[in-house]
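What follows is each chain in one-letter form.
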Amino acid sequence: MADTTHEEIVVAASPAMCFGIAADFEEYPSWATDVTSVAVLDRDDTGRATRVEYHASALGKAIRYVLDYDFTDAPRAFSWTLVEGDMVRAIDGRYEFSAQDAGTLVAYDLHIDLAVPLPGMLQRAAAGRIITAALGALQRVAEGGSGRR
């Protein structure tokens, strides 16, 4: 069963800074909860990572997944789709960055379908946990907090 979750947060930093942090995938292990390592597999002509392999801990297990990134709407937004992965059938999502008086409204949409059998309520909770942790960590880094977990 696939679930889509949406959350927003206002970050006291510019949209460009928020975009830069979110699109710097190689730094994710230093601040993104559960991401243990990242390998950029392909880049576009501007040097942005367009295919990235992740290793993470989730549900008490080590998992691997590869995402393709689409920067068509950059720097206002970028999105991603799952290419392949362990324990997941889908991890598709989108970040959007909108200027606000107090900084940047960061919106995060995530569509996730786990390959392990979990009741819908637990799957929704897992998606919510991923988004909440990602937005909180991005906010901490953008607002000058330590990048380290």
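Quantities reported herein were computed from a predicted structural model and do not represent experimental measurements.

Definitions and cut-offs
- Residues numbered from 1 in each chain as written.
- Predicted model: local features only at pLDDT ≥ 70, side-chain atom pairs only at ≥ 80, totals over all residues.
- Heavy atoms only, no water.
- Helix = DSSP H or I, 4+ residues; strand = E, 2+ residues; numbered from the N terminus.
- Polar contact = N/O pair within 3.5 Å; in protein donor to acceptor, adjacent residues only side chain to side chain.
- Contact = heavy atoms within 4.5 Å.
- Core = buried A, V, L, I, M, F, W, Y, C linked by side-chain atoms within 4.5 Å.
- Buried < 20%, exposed > 50% of the residue type's maximum accessible area, 1.4 Å probe, protein only.

### Focus: the side chain of arginine 94
On the secondary structure map, arginine 94 appears in strand E6 (residues 88–100). Side chain to side chain, arginine 94 and aspartate 73 meet in a polar contact 3.1 Å long. There is a polar contact of 3.0 Å between the side chain of arginine 94 and the side chain of glutamate 96. If we skip the residues at most four places from it in the chain, arginine 94 touches Asp73, Arg76, Ala77, Phe78, Ser79, Trp80, Ala107, Tyr108 and Asp109.

### A word on the nonpolar core
Counting 43 residues, the largest nonpolar core has Phe25, Tyr28, Tyr54, Phe78 and Tyr95 as the members making the most contacts within it. The element best represented in this core is helix H3 (residues 120–142), accounting for seven residues.

### Here's the deal with the environment of phenylalanine 78
With respect to the helices, strands and loops of the structure, phenylalanine 78 is situated in strand E5 (residues 77–85). Residue classification places phenylalanine 78 among the buried residues on the basis of a relative accessible area of 1%. The sequence separation of phenylalanine 78 and alanine 23 amounts to 55 residues, and the corresponding C-alpha distance is 8.2 Å.

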